Every structure is written in C-alpha cells, then in structure tokens.
Amino acid sequence: MTDMMRAWEVSEPGPVSGAPLTLTQRPVPTPAPGEVLVRVRACGVCRTDLHLAEGDLLPRHRGVVPGHEVVGEVVGLGAGARRFTAGERVGIAWLRQTCGTCRWCRAGRENLCPTSLYTGWDADGGYAELAAVPEAFAYRIPAAFSDEQAAPLLCAGIIGYRSLRRAQLPSGGRLGIYGFGASAHLTAQVAIAQGAEVHVLTRGRRARELALQLGAASAGGAFDRSPVPLDSAIIFAPAGELVPVALESLGPGGTLALAGIHLSDVPTLNYQRHLFGERTVCSVSSNTRRDGEEFLVLAERLGVQVTTTPVPFDRADQALRDLAEGRVRGAAVLTLT
Ligand SMILES: [Zn+2]
Ligand SMILES: [Zn+2]
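A quick note: this is a predicted structure, and the numbers were derived from the prediction, not measured.

A. Geometry of the overall build of the protein. Each helix and strand in the protein was counted, giving ten helices and 17 strands. Overall, the C-alpha framework of the protein stretches about 65 × 45 × 35 Å when taken along its three principal axes. Once local pairs closer than 6 in sequence are excluded, the contacts in the protein between residues at least 24 apart make up 70%. Surface summary for the protein: the accessible area is close to 14,400 Å², and the carbon and sulfur share equals 49%. Put simply, the protein has 33 plus and 33 minus side-chain charges, and the middle of one group is 4 Å from the middle of the other.

B. Structural context of the sheet that holds strand S14 (residues 250-258). Pairing is parallel in the open sheet, where six strands are placed in the order S12-S11-S10-S13-S14-S15. Edge strands, defined here as strands with exactly one partner in the open sheet, are strand S12 (218-220) and strand S15 (280-283). Neighbour to neighbour, the strand axes of the sheet diverge by 20° on average, direction disregarded. Two strands pair when backbone bridges link them, and strand S10 (residues 174-178) and strand S13 (residues 230-235) are joined in this way by four bridges, in the parallel orientation.

C. Expanded view of the coordination of the zinc ion (ligand 1). Every protein donor of the zinc ion (ligand 1) is listed here as Cys99 (SG), Cys102 (SG), Cys105 (SG) and Cys113 (SG), and their distances to the metal cover 2.3 to 2.4 Å. Of note is the zinc ion (ligand 1), whose four donor atoms meet at the metal with angles of 105 to 117° in an arrangement that counts as tetrahedral. In primary-sequence terms, the residues that donate to the zinc ion (ligand 1) follow C-x2-C-x2-C-x7-C. Judged by relative accessible area, which is 4%, Cys113 ranks as buried.

D. Broad picture of the side chain of Ser249. Looking at the element boundaries, Ser249 is found in helix H7 (residues 242-249). What makes Ser249 buried here is its relative accessible area of 3%.

E. Region of interest: the environment of Ile234. Among the secondary structure elements, Ile234 is positioned in strand S13. Residue Ile234 is classed as buried on the basis of its relative accessible area, which comes to 0%. Distance in space between the C-alpha atoms of Ile234 and Leu175 is 7.8 Å, their sequence separation being 59 residues. Those residues within four positions of Ile234 in sequence are excluded, and the remaining contacts are Ser163, Leu164, Ala167, Leu175, Gly176, Ile177, Tyr178, Thr187, Leu256, Ala257 and Ala259.

F. Structural context of the nonpolar core. Membership of the largest hydrophobic core comes to 48 residues, with the highest contact counts inside it found for Leu153, Ile177, Phe180, Val198, Ile234 and Phe295. The set of elements that each furnish at least two residues to this core consists of helix H4 (156-166), S10, helix H5 (182-193), strand S11 (197-201), helix H6 (205-213), helix H9 (289-301) and strand S17 (331-335). The element contributing the most residues to this core is H5, with six residues. Here Leu153 is in contact with Phe145, Ile158, Leu186, Phe295, Leu296, Ala299 and Val306, once residues within four sequence places are set aside. Grouped together as the second largest cluster of nonpolar side chains are 46 residues, Val74, Phe84, Trp94 and Leu95 included.

G. Fine view of the packing of aromatic side chains. Under the definition given, this model contains five aromatic pairs. Between Trp94 and Trp121, the aromatic rings sit 5.7 Å apart at their centres with planes inclined by 10°, giving stacked as the arrangement. With Trp94 in the loop between strand S5 (89-92) and strand S6 (95-97) and Trp121 in the loop between strand S7 (117-118) and strand S8 (130-134), the pair connects residues that are 27 residues apart, well separated along the chain. Each member of the pair Trp94 and Trp121 is classed as buried. Taken together, the aromatic side chains of Trp94, Tyr118 and Trp121 make up a single cluster linked through ring pairs. Over the ring of Trp121 we find Arg60, and its NZ or CZ is 3.7 Å from the ring centre. Sitting over the ring of Trp104, Arg103 keeps its end group 4.7 Å from the ring centre.

H. Seen up close, the packing of H4 against H9. The contact between H4 and H9 brings their axes to 9 Å, and the two run at 100°. Relative to H9, the element H4 is oriented roughly perpendicular. Contact with H4, carried on its side by Gly157, Ile158, Tyr161, Arg162 and Arg165, involves Asp291, Gly292, Glu294, Phe295 and Leu298 of H9 and no other residues of that element. Of the residues contributing to the contact of H4 with H9, the split by class is four nonpolar, two polar and four charged.

I. Up close: the coordination of the zinc ion (ligand 2). Donor atoms from the polypeptide that bind the zinc ion (ligand 2) are Cys46 (SG), His68 (NE2) and Cys155 (SG), placed at 2.0 to 2.2 Å. On the primary sequence, the residues serving as donors to the zinc ion (ligand 2) are separated as C-x21-H-x86-C. Here His68 is found in the loop between helix H1 (47-54) and strand S4 (70-77), whereas its partner Cys155 is found in the loop between helix H3 (147-150) and H4, with 87 residues between them in sequence. Of the two residues examined, His68 and Cys155, each falls in the buried class.

About the thresholds
Residues numbered from 1 in each chain as written. Chains lettered and ligands numbered in written order. Predicted model: local features only at pLDDT ≥ 70, side-chain atom pairs only at ≥ 80, totals over all residues. Heavy atoms only, no water. Helix = DSSP H or I, 4+ residues; strand = E, 2+ residues; numbered from the N terminus. Contact = heavy atoms within 4.5 Å. Areas by Shrake-Rupley, 256 points an atom, 1.4 Å probe, with all protein chains shown as cover. Lys, Arg positive; Asp, Glu negative; His and termini not counted. Charge placed at Lys NZ, Arg CZ, Asp CG, Glu CD. Pairing = 2+ DSSP bridges. Axes fitted to C-alpha atoms, helices over the stretch in contact; angles between N-to-C directions. Donors = N, O, S within 2.8 Å, 3.2 Å for Na, K, Ca; no water. Tetrahedral: all angles 85-135°; square planar, octahedral: opposite > 155°, others 65-115°. Buried < 20%, exposed > 50% of the residue type's maximum accessible area, 1.4 Å probe, protein only. Core = buried A, V, L, I, M, F, W, Y, C linked by side-chain atoms within 4.5 Å. Phe/Tyr/Trp six-rings, centres within 6.5 Å; stacked < 30°, edge-to-face > 60°. Lys NZ or Arg CZ within 6 Å of the ring centre and 35° of its normal. Parallel < 35°, antiparallel > 145°, perpendicular 65-115°, else oblique. Nonpolar A, V, L, I, M, F, W, Y, C, P; charged D, E, K, R; others polar.

Set out below in structure tokens:
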C-alpha cells in the first residue's frame with residue numbers, strides 16, 4: 001500500500017473568492033533518478049500561486065499542487081542522487097529543470113531555456129506534506145534563517161534580486177519600488193544595504209510603514225510621483241497602469257524592470273513623456289540558479305530581515321484570499337508541523 005499525504009491542488013482555476021484550491025489526499029511522490037524527496041516544513045505563498053489559482057497563469061496540468069518556496073528536510077533519495085544526505089535542510093524554488101544544451105543555457109541564461117520546467121506549475125510543489133525535486137535545482141539554506149524566514153527567499157527574494165540586477169541601478173543611485181509585498185520588501189533591503197536611496201510607492205498604509213521601518217527614504221501612494229527623479233525602478237505590483245507612472249519618474253538613461261510573471265495591459269505610452277531620454281523598459285523572466293546562489297549568500301551577509309505572516313497548512317486557500325486583498329504584511333508562509 002502506498003503512503004498517502006495531504007496536498008492542496010488547483011481543482012478549477014477561478015477567483016479566490018470561490019474555491020479554486022482543494023485539500024486532497026494523494027500518494028507520496030516517488031523521487032525519480034537524480035531527485036530528492038523533501039518533507040515540507042514551510043512553503044511561502046507567492047503571487048504566482050494566486051495567478052495560477054485564478055487562471056491568469058494556466059495550469060500546465062490538471063490538479064497541479066502549487067508552491068515553489070519550499071523549505072524542508074531530505075527524507076528520500078532517487079537513484080544516483082548524491083548531492084544531499086537524508087536529514088539535510090534544502091530549499092525548492094521555481095526553476096526546476098533546464099535542458100543545459102540550448103543556446104540560452106550555454107550562454108548562462110538558463111532562465112530563458114525554452115524547455116525549462118517550473119515547480120508548482122509543470123510539476124507538483126510545496127502546498128503538500130512532501131515534494132520531490134531534481135537535486136541539481138535544490139538549494140542549501142543559510143543557517144541564519146529559520147524555515148519560515150527562509151521560504152520567501154526562494155522566489156520573492158531570488159526574483160527580486162534578479163529584478164534589481166535587471167534594473168541596472170548605478171552605485172549609490174535612486175531606486176523606485178512600486179508595490180511592497182514579499183519580493184519588494186526583500187529587494188529594498190538588499191538595495192539599501194548596498195548604498196541605494198529607495199523610494200517606495202504602494203497602496204496600503206501598513207506596507208508603507210514597513211518600507212520606512214526598513215530604511216526607505218520615502219513611501220508614497222502607488223500612483224504618486226516619486227519625490228526625486230529615479231535612476232531605476234522596479235514594478236512588483238501586477239498593474240500595467242503603473243508602467244507610464246514609473247517611466248515618468250525616471251530620469252534620463254533610467255531603467256524600469258517589470259518583476260512579475262503576469263501584468264495587466266500596459267496603457268498607451270507617449271514617446272516624449274515616457275521613453276525619450278534613453279529610458280529603458282525590461283521584463284524579468286524567472287531566474288538562473290546562479291541568481292539563487294548569489295542571493296542566498298547576500299541575504300545572509302547583508303542581514304536581510306524577512307517579515308512573515310505564518311499560516312497553518314490547512315488554511316492555504318485563505319492565505320491566497322488575503323494576498324489578493326492586499327492584507328498580508330511581508331510574506332505569508334504555510335507552516336507544517
Ligand atoms: Zn536550455
Ligand atoms: Zn514565486
């Protein structure tokens with residue numbers, strides 16, 4: 001008889017005010033060759049899970065288990081897996097597999113691999129008691145972070161870090177951050193610790209308070225004009241209508257990075273107001289493993305503080321509703337005991 005576990009699956013994508021997620025019993029996964037089996041201790045709730053549940057991001061297969069900010073303990077090894085040993089703490093993140101041979105993989109841009117696979121989208125993720133992952137795509141977790149604190153580092157942190165690099169912030173420059181959830185609050189700290197002046201523009205009074213506590217130079221409303229011209233900006237909110245707003249606050253030569261996997265339509269841009277002066281707009285697609293390894297080292301070294309809201313495992317559906325309503329401070333994390 002197969003061992004069973006509890007897992008949340010996307011049963012019918014739709015508004016989270018309904019019930020797109022269902023708590024089910026399913027067999028414990030068997031680690032394939034080169035994979036490790038992980039007993040999940042914490043799993044972050046990412047906005048991508050919300051997009052998946054609501055159908056903005058179409059599930060790659062029916063009944064997929066979301067969750068790609070997984071911290072747990074290795075409890076099983078597939079054939080040939082030897083990077084980790086049983087009992088080790090590891091992290092499972094979004095990027096799960098790349099081909100290793102295409103022109104993007106060979107150029108060090110595996111995030112653009114056309115046959116890449118993702119945890120909690122192509123394969124079952126961490127809204128479950130156990131999850132499997134190819135060992136080559138798992139991470140060791142810095143000792144400074146508890147399971148609950150480490151979980152949001154694995155997507156919110158890593159993607160935010162890549163977004164910061166994509167935003168081409170000059171040394172000591174001025175960075176605008178639009179939206180201030182899990183990813184933004186981590187990215188802001190890295191930027192500030194590296195000498196940047198950070199201006200946060202977001203809805204939600206508590207998010208603005210957190211931004212100021214973490215050292216932001218200013219915190220205003222989402223559609224406010226930045227108090228100073230920006231060298232770089234990152235939009236974390238999934239709102240395309242912020243693109244012209246952010247571009248208007250960029251100084252000459254500035255770069256705007258769009259961090260999300262999903263963005264509502266961008267309104268018509270005016271060349272003079274929004275783009276002239278060599279302003280650049282770029283998107284951010286997933287991350288490379290190198291981004292992940294670099295960020296985890298930096299997060300520990302710079303003393304990044306992770307603000308989390310713990311949620312019991314059996315309330316994952318409520319956690320997504322809270323995220324949709326902007327009620328989460330920092331990052332929501334499912335905790336399993
Ligand atoms: Zn490839
Ligand atoms: Zn994510």
